[in-house]
Structures are given as C-alpha cells and as structure tokens.
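Residues per chain are reported as follows:
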Amino acid sequence: MRIPIPISRSLLLAVTFIGTVQAQADELKDAFHTPPPSALPGVYWYFMDGNLDKQEMVNDLESMAAAGLNSVIFLEVDLDVPRGPVTFMSETWQDHVSHAFKTAERLGMEVLVGTGPGWAGSGGSWVPPQDSMKHLVGSSTRIKGPVSYAEVLPVPPPHPANRFAKLDEKHAKIRDEWFQDVAVLAFPTPGDSISRRENWETKALKDSMTMTMTPEARKGIPSLAEYPVPADLQAIDPDRVVDLTAAMQPDGTLRWEVPEGDWTVMRFVSRSTGQMTRPAPQSGLGFEHDKMNGETFRRHWSNFQAKLLEKVGPQEPGKGVTTLHLDSWEMSAQNWTEGFREQFQRRRGYDPQPFYPAFIGLVVGNPEKTERFLWDLRKTAQELVIEEYAQTIRAVAHENGLLYSNEPYGMNPAGNINLGVEADIVSGEFWNARRGLDSQYSCIEAVSIAHVMGRKQVSAESFTTFAQAFLDNPGTLKNQADWALAMGINKFMFHTFQHQAGGDREKPGMAMGPYGIHWHRNLTWWHMVRPFHDYLARSSSMMQQGQHVADILYLTREGAPMVFNAPASGLSGEPRVRDKRGCNFDAISPRVFAMRATVEDGDIVFPGGTRYRLLVLPENATMTPEMLKNITDLVKAGATVIGNPPMKSPSLVGYPECDAQVRQLAEELWGKQPQAERRVGKGRILTAKVEPGERYPHYDTTAAVLAGMGIPEDFSSDGPIRYGHRRTASTEIYFVSNTSENRVETTCRFRVAEGAPELWDPVGGEIRPLPEFIREGDLTAVPIVFEPHQSFFVVFTAQEELTKSSSPPKLRNFPNFKPVMEIDGPWQLAFDPKWGGPAKVEFDQLVDWSTHENEGIRYYSGSATYRKEFDAPETAARPSQIFLDLGTVHSICRVKLNGEDLGILWSPPWRVDVSDAMQAGRNVLEIEVVNNWVNRLIGDQQPANAGVRNVTFEHGILGGQEFKAGRYTFTHQKFHEADAPLLPAGLSGPVRILISNHEN
C-alpha cells in the first residue's frame, strides 16, 4: 500500500518552477546547437540580364545548402554586361527559374522573390504611363483683362527625370506624349515673379533623392515656428483663386471672359515621373507603377510574380518561394495620383486645389501657410504610400500564402519606420566597413521596428561594398558581424552570391559588376566557409530569443520623409561600426507610437514588444495637437518623458486654432514656465538642453535620468566591449564582443541580480559555467578574457542560482595557457599547380606567401597543405588539456593531427584542442591553409600573365563573346591592378604546443 506524502504548496510551486525553468533552458540550448531556419544566413542571389544556366542554378543552390545557407533573395539586373541567352520572362526563363525554386524546396531552402525586376521597386515593361508614378505639374499664361479669351493653354512638360530614373529613349518618348488634365486655375498676378520656396523639390515631393544615406544628405524636413516673410514677397492669394477647369475644352482651349486686371492662368496636368525599374534586365525595363494606387501594383503582380508562382505550382510551407521582398527604396518620390484631391480632402479636411501652385514651388498665401500645406501634402502622400503600396503588397503576399519583407530605408517618402512596420519581416542594410555607404542608421531603424512590433527576426543586407572584391574572408568580417548582432540584426543576407552561369571552369567567374562582397561557390575557401555560417546561425538564434532589452525610446519628428539618426553621443566606436552605449535604445515614429504605445507600471510598452523606461522627444518647434495629446495622456498614465515643449502645429489643418491647442496642451504638460522636472498625473515630464544642430539631449543626460530612477547602465566594461541583451521568462542573454584587434582581459558588469553566469561560445558551440563572479547589488561582475574580436554569450538562468555553490572552488573563468614547445621548420608544403604554385616545396621557416621570392607562391591563391612531423613533449602527457596554437593564419585553415580532422579555424584564437589526437612520440601534423583570390588576380595582371588566354562560354553566356583572360583566372569585371598591394597569405605562426588549466 502506497502512503501519500504531504507536499507543501510552496515546495510544489518550487518544484514546478524548477521544472519549467529547466524545460526552457533545454529549449534554449537546443536553439543554440540546432538553430531554426529563421536564424540561418542567406544571400542575395543575383542574375545578370539573361545570363542563366539551368544546371548551374541547381549547382549554386546545392553549394549554398552544403555551406549552411538557407535563404536566397532572387533578383535579376542589368549592369552593362553582355546579355545572356535567356530573355527575362520568356518561357525558357520561366522554366529555368521555376526549376530553381523547386530545387530550393527540395533542399529545404526558402526563396524571397523581389517585387520587381532590378534591385529596387516594382514595375516593368508592362506598366503603361497611366499606371506609372506621377507628378502634378503646371504651366503659366499671363492674361490682361477685360478680354474674351479663347486660346489653347500650353501643356506643361514633365519635371526633368532625376539621375537615378534611367529613362531610356523609348520610354522618354512615351512619357513625353502622355498627360492627364487635372485643373485650370486663375488668380490675380501678384507681381513680376511669384515668390518661390527654397528646396521645394523635396518639400513638394518632386524628388526625394536627397533623402538617403550619404553624409551630406538631409534626414528630414524640419517644420519651424516662424518663417521669415521677405519684404518683396509676391504670393498668390488662395482666397482669389478661380477654378476654370470646366471652361477648358477637350483640345486644351480655354474660353473665358477675363475680368479686369492682370491674371495668371495655370494649367495643371498629371505627368509620369519617368522613374524606371533599375537596374532591370532589358526586357523588364519599364516604368515604376503608381505607389499611391494599389490597383496598379495588383496589375503589375499579375504580369510578373503571379506568372512565376503559377509556373512553380504548390510548394511545401516554409520551403521554396515563401516571401515577397521589397528592397531599398530607390524610386524617388511622387506627389500625385488619380483621386488625390479627394483623398487629401478626406484626410486633411480642406481643399488642396487653391494650393496647387505650391506643387511647383510657388508661395501661396505666405511662406508659413505654404510650408504648412506642403507638410500636409507630404503627410497625405505618406499615408497613401503606406496604405496603397506597402499594405497592398502585404495583402497580395498573404493572399498567395507568402510573407512580405522590406528594406524600408533610402529615398522613401513615407518615412522609413512607417514603411517598415508594414512588413512581416523588416530588413536593414550595412555596407562593408572597408568602403561604401554609411547605412548603419537603417539597421538601427530596422531593429527598432522589430522591437516595438514584437517581431523576432530582423534581417540585413550584409557587407555590401563597391569595387572591393575578394578582399575579405570570414575572419575579417567577424568584427562587423558582431557589431550587427549586438545592434540586434539576427538574420544575415550576404550581398552578394552572383549566379555562376559559366560554372566553375573559369574562376572566380561572374561578378555583379563592381558591387557586392562576392560570396559565392567559386571562392577559394568556399569549402571551408560552413563554420562561419554556423557561427552566424547560432548567434542569430540566440538574438531571436525572448525580448530585446532597452531603456530609452526616441520619438522621431512628425512628418515625412523622415529618417531616424541616433544621437552621436549614444554611440561609440569607429565609423561604420558604432556601437550603442550602456543604456540601449530604439526609435519609433509618431504614427506607430500613437497606434501602439501604452503604459504599464511606469514603462512604455507595446503589444508583444519591448518595454522602455524613458521616452525622449525630438527637439522641434512644432507638434500636432493630436500627437501632443497622446504624449500627455501617457505621462498622466505614468510614463517618464524628457523633452521641450512645442510652440505650434506644423499643419494647416484647423489653422489657426490648432496652434492655440498646442499651446494649451504644452502648458498642461510642462506648466506655464517649463521646469527641470514636473509631475503630471502618475508620470513625469523633464526638460533638457539640446545642443544646436542636435535633435535629442546628450546621452549622458538620459543616462543620468535613468540612474535617478534607480536604473544603472545595462552593461559596462573596463575594456572595448560591445553588447546586446535579450530576455526570456527565466533567462538573461547577453552577447559580448571584443571590438579591438588585441587580447583583452576585463571585468564585464551585467544588470542582473540573480542566476549564475554561463559562457556560451558560438564559434564551437561549447557551454560551460563561469565560476568567478561577484554580485554588486543589482549588477553582476564577471571577469572575461577576449582574444582579438572574440565574442561570447553570457547567459544567466534563474535555476543556475540553485547550483552556484556546487561550482568547484578556486577555478578561473578562463584557463592559463603555458607554451611547452614550438614546432619550427622545416615544413613540407604542397601547392596546387593549377593555380601556379609548386606541387612540392620546403620552407625552412614559416613566411608570408606574398613576400616569397618564387612568383608561383607570391601570387598564389587557393589551398596549400603544410606537413610536419614532430615528437610530443613529455609534459604533454600530464595536463588535462593540450592545445595547438597556430599564431596567425591568412585566411582559413583545417587542422589534422595523426590523420584526425580537428576542424576548421577561421578567426582568432587560432588554437585547437589536440588532447585526444596527440600521441606519445612521433606525431604527423597537416594544416591546409587557404587565402583569398586577390594575389592570383594581381599576378594575372603582370605582363607575363595578362591577357594570354581567350575565354568563351557555351550556350551564349555573356553573349558568347570572347574575353582576354589572365593565365590562371577569369572574371569579366576587373578589380585589381598589377601594382595593387598583395594580401598577407599562409601560415605565419609561431606554431606552439600549449598546456592549460583553470586553477587560480
């Protein structure tokens, strides 16, 4: 007979808690060791205008899958390479592409299909001018009355196409011939020359190409409290604008009995912006469709993606074609669409027609009224782009069983954050730290979007570059990869894997013009790249767990276009890899904030998203009454907000009463005289000095406010260490990374008050305790040793606190390494003669290949195997762990000892555990080392090697043209000159045997 044993409720709860925590810990470890598909890296899979080969597409995909890549973004472009034999959208093209998509499904991979031909936008040769992006343009005719007028009004020409439009002769003719009448307006001529606004092209959305990532570009259009009124102002009186639209005949003749006076008549028409798909394959070249009319996207879809999906047929969920992807916005702007007047009236509450002259830069009323109207114009355009474009793409994607992803940065008139929140998966973009555009801000925006929307995955177009081919390898990319991980990026999409239509007979092979880091199967070290991809997958998986932890939420200014630029004081480090400081932050737009923000226990919270302790307002003289009311309500509910009061509304809506409302709300929140700190309801409003030219208070000011709330920095260190932080129900997950090229011993302080730390190494997958730590109130101090650019996860799990006391005493977190032997020369080497190296050679000592007197070695690119026999030191038999340290390697290596494969090393520390492989007495060491393509490409530019071969490809690849090629290599894009510097190559050493222990 079993006698029941009574169990106390507290013990039962404790047992249940421990069991739950253990299950969650096991799930986390599983996700670390076997990352989900969402964490595996992928590539931009680019095709060059018709240069497709069906079997080589399969070979591309199989090489990706073998290397640990899971996703491809399929895009075809024309970058001035000879056209290939497979015409875009032809039956053969569709057969090739659909077969590739089915191959991806077979391999368990996913395909993201671009929204259009080219690398940005959505349009094509099937888009007629009436479906294209549009501007409102106007012509002027002066008439003196009284007179009976009956003349044809001139048709205004389209605005000159911007330099990125890529308007060809055929489409220029189509554009010039098409227009649609909108209105005819007359008004008393105010003077000889009607006053114009400055920078009206951007303010009126004629062009938004200045809204980009270049340092000199503007990141927003400020709205002022006061606009100067010139003494010689000659403005149009909106109250005296006469609508003559009905008086114009179908042939453009205006019949009007002109009253006495000097009148200006303006004929307004809708014209195509001329924006073309770019850089699209020739048969896909055409107009970008109207981004303010969702039906034009649906017609575009039926001519492009719908045909492909029909060809592919049903696919297994999560495999094959899964996503519709909109890449960076490079389509400039539009300010008109059919029905725009009615949409404006419905949204803004007044008729825009008297202000039509402001579309072409003229002042209507006075400078302030014109600026307010243009603010409303941009606001209306923003809403239409979001609702008619982004939301239509998402709807069409979902209707077809797909997700919608976008990269919302660039010259986007909707505002980056506003556009990005509409996607299921949002993406940033970062260029290679060596060279290129500074688009770090797009990553900050992308992770912010994901954090406030509660989305786990944040992608990034990764390591994009220009004219820097083959300079990098996994080891040189690691620091920037770690920057992205700490920033919050957790899905890497390499730019770019160029489709190798010519196969692997000629290497490196095809290139995407001068763009991209050239991440493809014809790289010298592609057979060794898998561990780097595994590293990214493990790290990304960890950075997808739970919720992001941040303290500060920056609100962007109202209006559009708008880019969030983080305050420089909140970032530290080198240009292009600037890290967030110890109090992490995100950004949010007023539109999203108003829709989703609430207050809970004093925190600003979002459904399923991150919680923030402090809201920081932008320094701006204006704010709409609606937005200010929303902020006031949140403060009353308990939020802490820092910022200065606005003075006016930026809009003409409700003018001038709207300004009085703003002043009244500002007084309610800040008081009649703004104070340093003021309690309002359950919350607080604080003011702060903002330096001229800045948008937000200094980081130190916000950190001090948090400290006053009892919130220390989330992370700090004595050394140059970056961090990122995620939190699950029972676990704190910190990513920490050494930003320097030197070994660093430092104490890291984490804002964690319970749980013992564990070290999770994403390079090898090792998990072990960190027995040395000190609890300092709400902080935990942990000594950590980092090799150059090394990174770890430090994980605190609630259950670990229960077992902390059982950790062995007097153990260090990191072992001491003691060298016991150096393995010096001579070394036997075997190069591959196919690439110009000697089949067998002996090195008396380890040297950099690029300095060798033998040209076959100096200009060598590829694999070479070092072989060395040595006797194990006697001391190696005693310690528990024995390591082989290689010193320095350029660029990747595989180590074998006594025939046992000990794995691939791709970054410091160049060290491998040989405890089980080393044997007493004689040992045989083999090290396969691979360098980059650069040295061989430079060698093939030398007089003896340059242009000595003729290369052609079968099946008309690259137009069947014959190319002069170097003795060993071929790529149709020249990257390196004969006098370019060679890269270090090979095993530099010293190679040593080390013994280690963890004892203090």
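Nothing here was measured: the structure is a model prediction, and the numbers come from that model.

Reading the values: rules and limits
- For every chain, the first residue of the written sequence is number 1, and numbering continues from 1 along that sequence.
- Selection of residues for local features in this predicted model requires a pLDDT of at least 70, selection of side-chain atom pairs for listing and counting requires 80 or more, and totals for whole chains, interfaces and linings are taken over all residues.
- With hydrogens and water stripped out, all remaining heavy atoms of the structure feed into the side-chain values.
- The rule is short: rings of Phe, Tyr and Trp, with Trp giving its six-membered ring, pair when the centres are within 6.5 Å, and they are stacked under 30 degrees, edge-to-face over 60, tilted in between.
- Only runs of H or I of at least four residues qualify as helices and only runs of E of at least two qualify as strands under DSSP, and these elements are numbered from the N terminus.
- Relative accessibility thresholds used throughout: buried, under 20% of the residue-type maximum; exposed, over 50%; partly exposed, between the two (1.4 Å probe, protein chains only).
- Note on criteria: charge over ring means Lys NZ or Arg CZ within 6 Å of the ring centre, with the direction from the centre no more than 35 degrees off the ring normal.
- Residues adjacent in sequence count toward polar contacts only when both atoms are side-chain atoms; beyond that, a polar contact is any pair of N or O atoms within 3.5 Å, and within protein one must be able to donate a hydrogen and the other to accept it.
- The contact definition used throughout considers only heavy atoms, calling two residues in contact when any of these lie within 4.5 Å.
- Salt bridges, as used here, are contacts in which a Lys or Arg side-chain nitrogen is within 4 Å of a carboxyl oxygen on Asp or Glu.
- What makes a nonpolar core is a set of buried Ala, Val, Leu, Ile, Met, Phe, Trp, Tyr and Cys residues whose side-chain atoms join them at distances within 4.5 Å.
- Put plainly, a pocket is an open set of points on a 1 Å grid over the protein atoms alone with protein on both sides within 12 Å along at least five of seven lines, a cavity is a set where a 1.4 Å probe fits but cannot get out, and a lining residue has an atom within 4 Å of a point.
- Grid points are joined across faces, edges and corners, and a volume is the space filled by probe spheres set on the points.
- Classification used: nonpolar for Ala, Val, Leu, Ile, Met, Phe, Trp, Tyr, Cys and Pro, charged for Asp, Glu, Lys and Arg, polar for all others including Gly.
- Between the first and last residue of a helix there are one fewer steps than residues, each counted as 1.5 Å, and that sum is the expected span.
- Angles shown run from 0 to 180 degrees and are taken between the N-to-C directions of axes, each axis being a line fitted to C-alpha atoms and, for helices, limited to the stretch in contact.
- An angle counts as roughly parallel when it lies under 35 degrees, as roughly antiparallel when it exceeds 145, as roughly perpendicular when it falls between 65 and 115, and as oblique in every other case.
- Two helices cross in a left-handed way if the nearer one is turned anticlockwise from the farther one by less than a right angle. They cross in a right-handed way if the turn is clockwise.

Colleague: Please give an account of the packing of aromatic side chains that cites residues and values.
Modeller: Centre-to-centre distance and the angle between the planes together describe a pair of aromatic rings. Following the criterion strictly, the structure yields 63 aromatic pairs and no others. On the numbers, 5.5 Å between centres and 75° between planes, the contact of Phe 430 with Trp 483 is edge-to-face. Taken together, the residues span a long stretch of sequence, with Phe 430 in strand 12 (residues 425-431) and Trp 483 in helix 12 (residues 474-487) at a distance of 53 residues. Trp 483 carries the same exposure label as Phe 430, and that label is buried. Aromatic side chains Phe 497 and Trp 526 sit 5.9 Å apart centroid to centroid with 80° between the ring planes, which places their arrangement in the edge-to-face category. A residue pair is termed long-range when its members are at least 10 positions apart, and Phe 497 in strand 14 (residues 491-498) and Trp 526 in the loop between strand 14 and helix 13 (530-542) qualify at 29 residues. We classify Trp 526 as buried; its relative accessible area is 9%. Stacked on the ring of Tyr 389, the Lys or Arg Lys 291 has its end atom at 5.3 Å from the ring centre.

Colleague: If you had to explain the side chain of Asn 813 to someone new, which residues and values would you point to?
Modeller: Residue placement: Asn 813 occurs in strand 35 (residues 811-822). With relative accessibility at 0%, the residue Asn 813 sits in the buried group. A polar contact is formed between the side chain of Asn 813 and the backbone oxygen of Pro 783, at a distance of 2.9 Å. Beyond its immediate sequence surroundings of up to four residues, Asn 813 is in contact with Arg 768, Leu 770, Pro 771, Glu 772, Val 782, Pro 783 and His 998.

Colleague: Kindly report on the pattern of salt bridges, identifying the contributing residues and their values.
Modeller: Taken as a whole and assessed by the stated rule, the structure comprises 58 salt bridges. Its salt-bridge partner being Asp 262, residue Arg 142 comes within 2.8 Å of it at the nearest N-O pair. Linking Arg 142 in strand 5 (residues 134-152) with Asp 262 in strand 8 (residues 253-272), this pair joins segments that are 120 residues apart in sequence. In this structure, Asp 181 and Arg 267 form a salt bridge, with 2.8 Å as the shortest nitrogen-oxygen distance. Of this pair, Asp 181 sits in strand 6 (residues 180-188) while Arg 267 sits in strand 8, and the two are 86 residues apart along the sequence. We classify Asp 181 as partly exposed; its relative accessible area is 33%.

Colleague: Which residues make up the nonpolar core, and what values go with them?
Modeller: Within the largest apolar cluster, 226 residues are counted, with the highest numbers of intra-cluster contacts made by Phe 593, Trp 849 and Leu 886. In terms of residue count, the dominant contributor to this core is helix 9 (residues 367-399) (12 residues). Core analysis: the next-biggest nonpolar cluster, separate from the first, contains 22 residues, Met 48, Met 493, Met 510 and Val 951 among them.

Colleague: Let's hear about the environment of Val 321: which residues, and what values?
Modeller: Mapped onto the elements of the fold, Val 321 is located in strand 10 (residues 320-326). Separated by 82 residues in sequence, Val 321 and Leu 403 place their C-alpha atoms 9.6 Å apart. Ignoring sequence-local partners within four residues, the contact set of Val 321 consists of Phe 101, Val 111, Val 113, Leu 309, Gln 315 and Leu 402.

Colleague: Give me empty space enclosed by the protein: which residues, what numbers.
Modeller: Counted under the stated rule, the structure contains 11 cavities of 30 Å³ or more. In this structure, the largest cavity is lined by His 135, His 159, Pro 160, Ala 161, Asn 162, Lys 206, Asp 207, Thr 273, Gln 275, Met 331, Ser 332 and Ala 333. In terms of residue class, the lining of the largest cavity is built from 4 nonpolar, 6 polar and 2 charged.

Colleague: Pulling in residues and values, what's your account of helix 13?
Modeller: When the terminal C-alpha atoms of helix 13 are compared, their 18 Å separation across 13 residues agrees well with the 18 Å that a helix rising 1.5 Å per residue should span. Among the 13 residues of helix 13, 11 are classified as buried, and the element is accordingly described as predominantly covered.

Colleague: Account for the side chain of Gln 275, naming residues and giving values.
Modeller: One can find Gln 275 in the loop between strand 8 and strand 9 (287-288). A distance of 3.4 Å separates polar atoms of two side chains, one belonging to Gln 275 and the other to Asn 162. In this structure, Gln 275 is in contact with Met 133, Asn 162, Phe 164, Ala 165, Gly 286, Phe 287, Glu 288, Glu 330, Met 331 and Ser 332, ignoring residues within four places of it in sequence.

Colleague: So, the packing of helix 15 (residues 625-636) against helix 16 (residues 657-670): which residues are in play, and what are the values?
Modeller: The interhelical angle for the contact between helix 15 and helix 16, taken along N-to-C directions, is 15°, at an axis separation of 9 Å. The angle between helix 15 and helix 16 places the two elements in the roughly parallel class. The chirality of how helix 15 crosses helix 16 is left-handed. Residues Pro 625, Leu 628, Lys 629, Ile 631, Thr 632, Val 635 and Lys 636 of helix 15 lie in contact with helix 16, whose contacting residues are Cys 658, Gln 661, Val 662, Leu 665, Ala 666, Glu 668, Leu 669 and Trp 670. Classifying every residue of the contact of helix 15 with helix 16 gives 10 nonpolar, 2 polar and 3 charged.

Colleague: Lay out the environment of Asp 168 with the relevant residues and their values.
Modeller: In this structure, Asp 168 sits in the loop between strand 5 and helix 4 (169-177). Separated by 485 residues in sequence, Asp 168 and Val 653 have C-alpha atoms that sit 41 Å apart. If we skip the residues at most four places from it in the chain, Asp 168 touches Met 276 and Leu 285. A distance of 2.8 Å separates a polar atom in the side chain of Asp 168 from a polar atom in the side chain of His 171.

Colleague: Describe the packing of helix 8 (residues 340-348) against helix 9, naming the residues involved and giving the relevant values.
Modeller: It is at 10 Å that the axes of helix 8 and helix 9 come closest, and there the two elements cross at 105°. By the criterion of interaxial angle, the relationship of helix 8 to helix 9 is roughly perpendicular. Counting all contacts with helix 8, which are made through Phe 340, Gln 343, Phe 344, Arg 347 and Arg 348, the residues of helix 9 involved are Phe 373, Asp 376, Leu 377, Lys 379, Thr 380, Glu 383, Leu 384 and Glu 387.

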